[in-house]
Every structure is written in C-alpha cells, then in structure tokens.
Amino acid sequence: MSTRLLSRLKAATEISEDTTMSTTSDTGHDGESTRPLILWILPLVGATLIPGLVWTQVNQPYALHPGLVLTMTGFAAIFAGIALALLSSGFRRRLRWALGLTTVVVLVAFQWRGLAEIGAAVAGVVGLPVLSDLTPVTIAGLLLWVASRLADEWPFAALTGIGVLAVVGVLGIGALAIVAPAPPDIGTVTARPGSPDVLLLVLDGYARGDWLDEVYGYDNSPFLEELEARGFAVAYDATPNYSYTYASLSTILNLDYVFLPGGIDEPGRELMRAALTGATGMIPAFQQGGYEVTYFENAWGGSQCGSAIDRCIRHNLVSRSLWTIGQMTILAPVVNAVVMNPFTTVSLGQLQSLGEVISEPRSGERPRLTIAHVVLPHSPMLLDANCEFNRVDIQRVWGLGSEALQTARRANYVGQLECVNQVVLDALDVFLERYPTGVVMITSDHGPASTLLEDLPVDEQLDFTVQERMKILSAYRMPGCESTFRPDLTPVNGVRLLVNCVLGADLAPVMDVNNWISSNSEGEVEEMSLTR
C-alpha cells in the first residue's frame, strides 16, 4: 500500500514539474516577469489583417475599400479566435506557442492562393507539374513546424516585428488621404429652375449591336429601338476610351482621361481614385450646380462611396466579403461551386432596385444625379433571359477552355444581356414617368472578353479580341441638346456633352482616343487605331 502511495506522489510531482515548466515557458526565461500580452498578440493581429490588405490591393489600382476590409477582417478574426482557443486548450496553457501556431495557421489558410501561385511558378521552372501541389503543402508544413518552435524568444520577437509592420502598414494605407486634383474648369454653374434629374448608367461588358449580330447571332435592334422610342439617340459606332473598367469608368467620372499613353503612374492612379470616390470631376461639378448625388456601390473593388457622396446605395457587403475571403483559401473551388458570385448577384439586386431608387421623390428642391455602375452583362454568366439563376457557367475568364465551351458562353452571355435589357427598360419607364425631362446616359465601359488574354499588349492580341473589347453600347437622352450628338461619341465626350447640356457649362470636346491596357494593374497604356 505504501508503495502505491509513493508511486502516486511521484506521479503528482512530475505533473507539477511539467506544469511549472510550461508556465515558465510562457512567462519568460530566467525568472523574467510576464511580458505584456499585446506583444504576443500582435503577430496574430497582423496575420488577421494581412488577408484583407493583400487581397483588396493585389492587381487592383483603386483605393482600399474600408467596409469590405473591415468585414473580411472580422471573419478572419473569428477564425483566428477559434483556432487559438483550440490550440491553447481554452487559453490556459502555452499561450505564446498557441499564438505563434495560430498566426501561421491564419496566414496559410487565407493566403493559400499565394502559396498555390508559388507552386505553379516552381512547377513551371522545374518542369514537374506535381510540384504545383506539393510546393504549397511543403511551405505550409515548414511554416507550421517553425511556429511550433516559437517558445524561444528570438523567433517570436522576429514574428512580433513582422506583425507590428503589418499593423502599421494596414493603418497607414487605410488612413491614406486621397488628394483630389482640381476638377476641369467648367465655370460657375447653378442648377436652373426645373433642372432635370440625371441618370448615368454604366453597363459593364455590354457589346455593340453590330458585333452582337455578327458574332453572337443576336439581333439587339428591338432593345435599341425601344431606347429610341423613349427619346434616346443611340451611338451606333461607339467605342470605349480604355479596355478596362477602372480606366474607363474613372475617365467618365473625371470628365477627362486619367491615363495617358505609356505607363500607369501614381499621379494617374491618384486622379483615378479621386474620380471613383467622387472627389473630382463630374460629381463635384453637379454638386456645385445644386444637385444631390446618389451612388450605387457594387461587388467590384473600385466601386465605393466617397465622403462627398450624398446618398450611398450599398448591397450585400457581407456576401461580398464572404466570397472574397473564400477565394483566398484552399476551399476556393468549393466556394465557386456552392456560392453565387456576388459580381452577378449583387449587380442583379442593384439593377432591379434601380427603378425604385431613381423614381423616388426628391428629398427637397435639389434635383438628383444618380450614378450606377452595374457589373452586367459581364461574366460570369449565371442568369437566363428571365433573370433566373441557371449556374451554367461560373467562370469569369472567358478565354479558358475549348472553343465549344466559349461558344456556349457566348450563348449564355446573350441570355444575361436579355435579362439586363428588360430590367433597364422597366427602370427607365418608371424614371421617365416621374421625370419626363430626365437626362440619361447609358454606356458600357468596354465590350466582352471571350478570347481576351489580359497580359498581352495590343499588337499580340487577336484582332477578334481587340474588336470585341472595343465595341460598346452607348445611348444618350438629352432633351434640347440633340444637335450636339454624334454616333461615334466615346464616353469621355458623351459625358462632357451631358454636363454642358444640364449645367450650361462649356466643356470643349477632347480627342476621341481608344487606349489598350496590357494588364489589369501595372500594364502599359497604348493608344491604338481602331476601325469603327
């Protein structure tokens, strides 16, 4: 019996020693006092914030979207908290070890896409396709092994430093003030008595009628005739000013070109960001003229209401955040298969609410300018002609896949376009019934991209690709100003005519130029000659 008691006492002593050693490892070495908990949490905070920072900035030249990043960070923080609780056995033991391991888990979980890109690059160099899968798994395993050794001071101090830099970087970029350049000099303007309500509707990726007929076998003339019956002049030879949304839309809102031929430089980016957020160009011009501005946000990262916007219409920020953060993880294929792409779902909700929003009574005597950039009929093609979700094709990049698949995508594009046509006509009818003198500009930012290879300069693209991308829908309803219209107007001159017509300004036309951007973020801008 005494032998049993001695054995139990010995076992209890060993457990006590283990607990003391564990506690010592988390409270410092050689009797040092416990370090402030914030120092151990900083790396985890950095790992939580990095996904939102990186994936809202990568390949995106526009400004950080605070609401999107905040929501995404919240989801990442919930994941991190659960992981930390599990790894630290309820926060009771080996806290520093658990924090380090959780940090790496968060980074691996939400930066899997980056690890996969490294794997693809390694596989391309070595010539072994299997490395595209093995490399990210190996990197993740090594990171987790390193994290498990973080009971020592110096590795954790290094990780803490990285965390501090990440936090400071996020706060610095988030607090970055956009210095708005002066808008074009349009003189002193004032809304005249009875000034009309104005609608600027940008339909993303909407092809011109002749191209739809020639390539897609679709006759869009009934829709164009419906527009003409409502007082629109259709620009049958319209082309965009740029091949990508961020440059085209910001040029419209800026009332002038944001990027000149050559590289996309930082002054151009600042001008673009200022225009997209309402700090320069069209929006302050209309506000100076006494207008109230309503702005629709969408799922595209460059769409955000700046502080100058009077009324912001925002749709489904949570679903947009869940989708975006899902694309960062190893579960991206599952997210793509199960969750509807918010590019389409948010845009459909936005489009369907357009009529209600633009027909609402004015809040006061001020007329209203409504700006809506709708990411439709842009891919992915998830809608049929009745605006019902069919999930036929979730791919946003048309150029991937066989010719048969691309042919099917063109058919799906037509169905999505027919949905857009009907909803737009319904919204216009409601708007014009309330505001019969209303002024409307409907345009696309660029055409479809069924064969587009984004990273190639214009002289290496197929002629078919260039022609398709640079033929767009464009139509104008400007009562009393019809004589200024031309059928080959590019959007930058179309919006200048609109400002002149509504505000009585005297903006001279600029050169109608078509520019090709060779990639989505840092590509070259090439002025091109396009046969309309």
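Just so you know, the residues in each chain are numbered from 1, in the order the chain's sequence is written. Reporting of local features is limited, given that this is a predicted model, to residues whose pLDDT is at least 70; pairs of side-chain atoms are given and counted only at 80 or more, and all residues count toward the totals for whole chains, interfaces and linings. For side-chain calculations, the full set of non-hydrogen atoms in the structure is used, while hydrogens and water are omitted.

Enquirer: So what's going on with the state of the cysteines? Which residues, and what values?
Expert: For this text, the term disulfide refers to a pair of cysteine sulfurs within 2.5 Å. According to the stated counting rule, one finds two disulfides in the structure shown. With a sulfur-sulfur separation of 2.0 Å, Cys-387 is cross-linked through a disulfide to Cys-419. Taking the sign of the S-S torsion, 105° for the link of Cys-387 and Cys-419, the bridge is right-handed. Within this pair, whereas Cys-387 is found in the loop between strand 6 (368-374) and helix 16 (403-434), its partner Cys-419 is found in helix 16, the two being separated by 32 residues in sequence. For the pair Cys-387 and Cys-419, one class covers both residues: buried. Comment: elements are numbered from the N terminus, with helices defined as DSSP H or I runs of at least four residues and strands as E runs of at least two. Under the scheme applied here, a residue whose accessible area is under 20% of the maximum for its type counts as buried, over 50% as exposed, and between as partly exposed, the area being computed with a 1.4 Å probe on protein chains only.

Enquirer: For the sheet that holds strand 10 (residues 524-528), give the residues involved together with the corresponding values.
Expert: Spatial strand order, 3-10-9: three strands in an open sheet with antiparallel pairing. Strands with a single pairing partner mark the edges of an open sheet, and in this sheet they are strand 3 (262-263) and strand 9 (514-517). With four bridges connecting them, strand 9 and strand 10 associate as antiparallel partners. Among the inter-strand pairings, Ile-517 is bridged to a residue of strand 10, identified as Val-525. A pair of strands counts as paired when DSSP detects no fewer than two bridges linking them.

Enquirer: Just give me the short version of the packing of aromatic side chains, but keep the residues and values in it.
Expert: Pairing of aromatic side chains here covers Phe, Tyr and the six-membered ring of Trp, requires ring centres within 6.5 Å, and sorts the geometry by plane angle: under 30 degrees stacked, over 60 edge-to-face, intermediate tilted. Taken as a whole and judged by the stated rule, the model has 10 aromatic pairs. Aromatic pair Tyr-244 and Tyr-246: ring centres 6.4 Å apart, planes at 10°, arrangement stacked. Accessibility assignment for this pair places Tyr-244 and Tyr-246 in one class, buried. A ring pair is formed by Phe-431 and Tyr-435, whose centres lie 5.7 Å apart and whose planes are at 55°; its orientation type is tilted.

Enquirer: Provide a residue-level description of helix 10 (residues 245-254), including the pertinent values.
Expert: When you tally the buried positions in helix 10, you get 10 out of 10 residues, the bulk of the element. Taken residue by residue, helix 10 has Thr-245, Tyr-246, Ala-247, Ser-248, Leu-249, Ser-250, Thr-251, Ile-252, Leu-253 and Asn-254 as its buried positions. Positive backbone phi, at 70°, marks Leu-255, one or two positions downstream of helix 10.

Enquirer: Hey, could you go over a negative patch on the surface for me, with residue numbers and the actual values?
Expert: Only residues whose relative accessible area exceeds 30% and that take part in no salt bridge are eligible for patches, with like-charged residues grouped when within 9 Å of each other and nonpolar side chains (Val, Leu, Ile, Met, Phe, Trp, Tyr) grouped when within 5 Å. Per-residue and other accessible areas were derived by the Shrake-Rupley procedure at a 1.4 Å probe size, with only the shown protein chains allowed to occlude residues. For this document, the term salt bridge refers to a Lys or Arg side-chain nitrogen within 4 Å of an Asp or Glu carboxyl oxygen. When charges are counted, Lys and Arg contribute as positive and Asp and Glu as negative, whereas His and the chain ends are disregarded. To locate a charge, take NZ of a lysine, CZ of an arginine, CG of an aspartate or CD of a glutamate. Residues Asp-213, Glu-214, Asp-219, Glu-225 and Glu-228 make up a contiguous surface patch of negative charge. Where the negative patch is concerned, the elements lending two or more residues are helix 8 (209-215) and helix 9 (221-229). Among the secondary structure elements, Glu-228 is positioned in helix 9. We classify Glu-228 as partly exposed; its relative accessible area is 35%.

Enquirer: How would you summarise the sheet that holds strand 5 (residues 311-313) if you had to cite specific residues and measurements?
Expert: The sheet built from seven strands is open, its strands ordered 2-8-7-1-6-4-5 with mixed pairing. In this open sheet, the two edge strands, each paired with only one partner strand, are strand 2 (233-234) and strand 5. The contact criterion used is simple: two residues touch if any of their non-hydrogen atoms lie within 4.5 Å. Working convention: axes come from line fits to C-alpha atoms, limited for helices to the stretch in contact. Angles between N-to-C directions cover 0 to 180 degrees. Sheet strands in contact with helix 10 are strand 1 (198-203), strand 4 (292-296), strand 6 and strand 7 (439-443), and its direction is about 165° off that of strand 1.

Enquirer: Can you break down unusual backbone geometry residue by residue, with the values?
Expert: Of note, the bond from Leu-376 into Pro-377 is cis; its omega dihedral lies within 30 degrees of zero at 5°. For the bond from Ser-379 to Pro-380, the omega torsion is 10°, close enough to zero to count as cis. Turning to its location among the elements, Pro-380 is positioned in the loop between strand 6 and helix 16. The phi torsion at Leu-255 lies on the positive side, around 70°, for a residue other than glycine. The topology assignment puts Leu-255 in the loop between helix 10 and strand 3. If you check the backbone angles, Cys-387 has positive phi at about 65° while not being a glycine.

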